[in-house]
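# What the coordinates show
Residues per chain, in single letters:
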Amino acid sequence: MNVAMRKRPTCMRLHDGFAIVALTLFALSAVGCGGTPAPSDATASAAADPFVPAPPDVGDVGRYHACKATPRRALSERERCEIAALATHCSPANDCLVSCLSSPGGVNVGGGCWHVCFSGMHRDEPAPPGFAECERSPDPSRLGTPGAAGPSVGQG
């Protein structure tokens, strides 16, 4: 009997069929099926998903601005006093507080600007000096110093 004329066993024919199906599926998965591509970063993901809130605008706290951040919201008398006090002894931590306090959303973060600046970025820096003259202002600050009797930077 001629070797070319011999039939292959049934199990080999089934195996070949499974191999062809598997290769076809693999090729299709490599090409893609026209689904939505994954977003390139978390910001794009948050912007595309209406259920993910955008992070609050806490200012440009990652850069040093020599305590001269331009306020982008109306500041209270007490906040203006605190920013002036921070600017007299400007340090990276004080600059962070000024940038955050001048931002539209920093004071609304849980823990306020104190949390934004001292919970991670400037953890090892000393707390800024007290604001005795600012504390007399009737308009309360929302810097949120931990351990303070009221929301103030100078205590804690």
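Residues numbered from 1 in each chain as written. Predicted model: local features only at pLDDT ≥ 70, side-chain atom pairs only at ≥ 80, totals over all residues. Heavy atoms only, no water.

### Looking at the state of the cysteines
Taken as a whole and judged by the stated rule, the model has four disulfides. Between Cys67 and Cys90 runs a disulfide, and the two sulfur atoms are separated by 2.1 Å. The S-S bond linking Cys67 to Cys90 shows a torsion near 90°; that makes this disulfide right-handed. With Cys67 in the loop between helix 2 (42-48) and helix 3 (77-88) and Cys90 in the loop between helix 3 and helix 4 (92-102), the pair connects residues that are 23 residues apart, well separated along the chain. A relative accessible area of 6% means that Cys67 is categorised as buried. (Disulfide = S-S within 2.5 Å. Helix = DSSP H or I, 4+ residues; strand = E, 2+ residues; numbered from the N terminus. Buried < 20%, exposed > 50% of the residue type's maximum accessible area, 1.4 Å probe, protein only.)

### Concerning the nonpolar core
Cys100, Val116 and Cys117 are the most contacted members of the largest nonpolar core, which has 19 residues in total. Those elements giving two or more residues to this core turn out to be helix 3, helix 4 and helix 5 (112-121). Ignoring any residue separated from it by four or fewer positions in sequence, one finds Cys117 in contact with Cys96, Leu97, Cys100 and His122. (Core = buried A, V, L, I, M, F, W, Y, C linked by side-chain atoms within 4.5 Å. Contact = heavy atoms within 4.5 Å.)

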